[in-house]
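Report on the structure
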Amino acid sequence: MTGASNRSVERAFRIVDELAENGGGRVSELADRLEMPVSTVHNYLQALVETGYVSVDDKEYTTTTRFLEVGHRQRHRLEVFQAVSDELQDIAAETGEHVTLMVEENDQCVIVAVQEGPDAVNLFAYPGARMPLHAAAPGKAILAHMPDDRVQEIIDRQGLIEMTNQTITDPDVLFDQLEEIREQGYAIDEGERIAGMVCISAPVLDKSDEIRGAICVCGPQSRIDEARRAEIADIVKRSANVTQVNLDYV
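No experiment lies behind these values; they were computed from the predicted model shown.

**Quick word on the state of the cysteines**
According to the stated counting rule, one finds one disulfide in the structure shown. Across the disulfide from Cys199 sits Cys218; the S-S distance is 2.1 Å. Disulfide Cys199 to Cys218: torsion about the S-S bond roughly 115°, handedness right-handed. With Cys199 in strand β7 (residues 197–205) and Cys218 in strand β8 (residues 211–220), this residue pair connects regions lying 19 residues apart in the sequence. The exposure class assigned to Cys199 is buried, which follows from its relative accessible area of 6%. Note on Cys218: relative accessible area 7%, which makes it buried. Cys216 forms no disulfide, and the closest cysteine sulfur to it belongs to Cys218, at a distance of 3.7 Å.

Here it is, written out as structure tokens:
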């Protein structure tokens, strides 16, 4: 692909991202926000409308559910999603909390599936949502089972962004914690991504001990004390093990 083609693809997705983040927009608004010529934005929008990824109503452009279709198909191709089966629903019922399955994609932690127990806090989490690996329990559970040189490459590319005042931003501290996670079999973040929340996550490994994802439970610090943390850690480790076994049959 030529440099001009690369730039064209990049511009198209900048427009898509802008539409998605702001719930839509008119040509002139998008051009101002993206600092692109109005004619250029209009041409890209027309192409996106023709392909079905953007719709227009009374000069207001929005993304369409075509993206949902693409993501849904990709999610069902993931073996770990197939293998997790009813585990997330069972964990949500058992703990009452917010439960997710996450994978690593392009140096980020991505939600693949979500289940909410009866007491779950609304975290506005949805399949496809992304977050830094180092700032979330499932991300750290995944990083802990990557080679150190790959973890360092991710840090070099992405940095250690501070999400809250509890986020780990020192690489040495992170590597020490990753070693501890490998030893105990689960990861915890205490307000490192969302202030006031505790998240506990276990890695899902395949039979070759390759990391495939992580199962995570999140709840408010006020009701997840030390005893409950140990209980939830056992639950996510058990479910991760069941998912590991299921991977052999998908």
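Moving on from the model shown.
**Examining a negative patch on the surface**
A contiguous patch of negative charge, built from Asp148, Asp149, Glu153, Asp156, Asp170, Asp172, Asp176, Glu179, Glu180 and Glu183, is present on the exposed surface. Among the secondary structure elements, those contributing two or more residues to the negative patch are α8 (148–158) and α9 (171–184). The element that contributes the greatest number of residues to the negative patch is α9, accounting for five residues. In this structure, Glu179 sits in helix α9. By relative accessible area, which is 42% here, Glu179 ends up partly exposed.

**Examining unusual backbone geometry**
Residue Asn106 is not a glycine yet carries a positive backbone phi of 50°. We classify Asn106 as exposed; its relative accessible area is 61%. Phi at Phe124 takes a positive value of approximately 55°, unusual for a residue other than glycine. For Phe124, the position within the fold is in the loop between β4 (108–116) and β5 (130–132). On the basis of relative accessibility, which here comes to 66%, the residue Phe124 falls in the exposed class.

**With respect to the pattern of salt bridges**
With the rule as written, the count across this model stands at 15 salt bridges. Arg33 is the partner of Glu18 in a salt bridge, and the nearest nitrogen-oxygen pair spans 2.6 Å. Of this pair, Glu18 sits in helix α1 (residues 3–22) while Arg33 is found in helix α2 (residues 27–34), placing the two residues 15 residues apart along the sequence. Each of Arg66, Glu69 and Arg73 takes part in one network of salt bridges that share partners.

**Notes on the sheet that holds β7**
Taken together, the six strands give an open sheet; going across it, the order is β5-β4-β3-β8-β7-β6, and neighbouring strands pair in antiparallel fashion. Edge positions in the sheet fall to β5 and β6 (187–190), since each has one partner strand and no second. With strand direction ignored, the average angle separating the axes of adjacent strands in the sheet is 30°. Strand direction decides the pairing type here: β6 and β7, joined by four bridges, are antiparallel. The residue of β7 that forms the bridge with Ala187 is Ser201. Across the sheet, helix α10 (residues 226–247) lies against β6, β7 and β8, angled at about 25° from β7, the strand it touches most.

Calculation notes
Residues numbered from 1 in each chain as written. Predicted model: local features only at pLDDT ≥ 70, side-chain atom pairs only at ≥ 80, totals over all residues. Heavy atoms only, no water. Disulfide = S-S within 2.5 Å. Helix = DSSP H or I, 4+ residues; strand = E, 2+ residues; numbered from the N terminus. Buried < 20%, exposed > 50% of the residue type's maximum accessible area, 1.4 Å probe, protein only. Patch = residues over 30% accessible without salt bridge, like charges linked within 9 Å, V, L, I, M, F, W, Y side chains within 5 Å. Areas by Shrake-Rupley, 256 points an atom, 1.4 Å probe, with all protein chains shown as cover. Salt bridge = Lys/Arg side-chain N within 4 Å of Asp/Glu carboxyl O. Lys, Arg positive; Asp, Glu negative; His and termini not counted. Charge placed at Lys NZ, Arg CZ, Asp CG, Glu CD. Pairing = 2+ DSSP bridges. Axes fitted to C-alpha atoms, helices over the stretch in contact; angles between N-to-C directions. Contact = heavy atoms within 4.5 Å.

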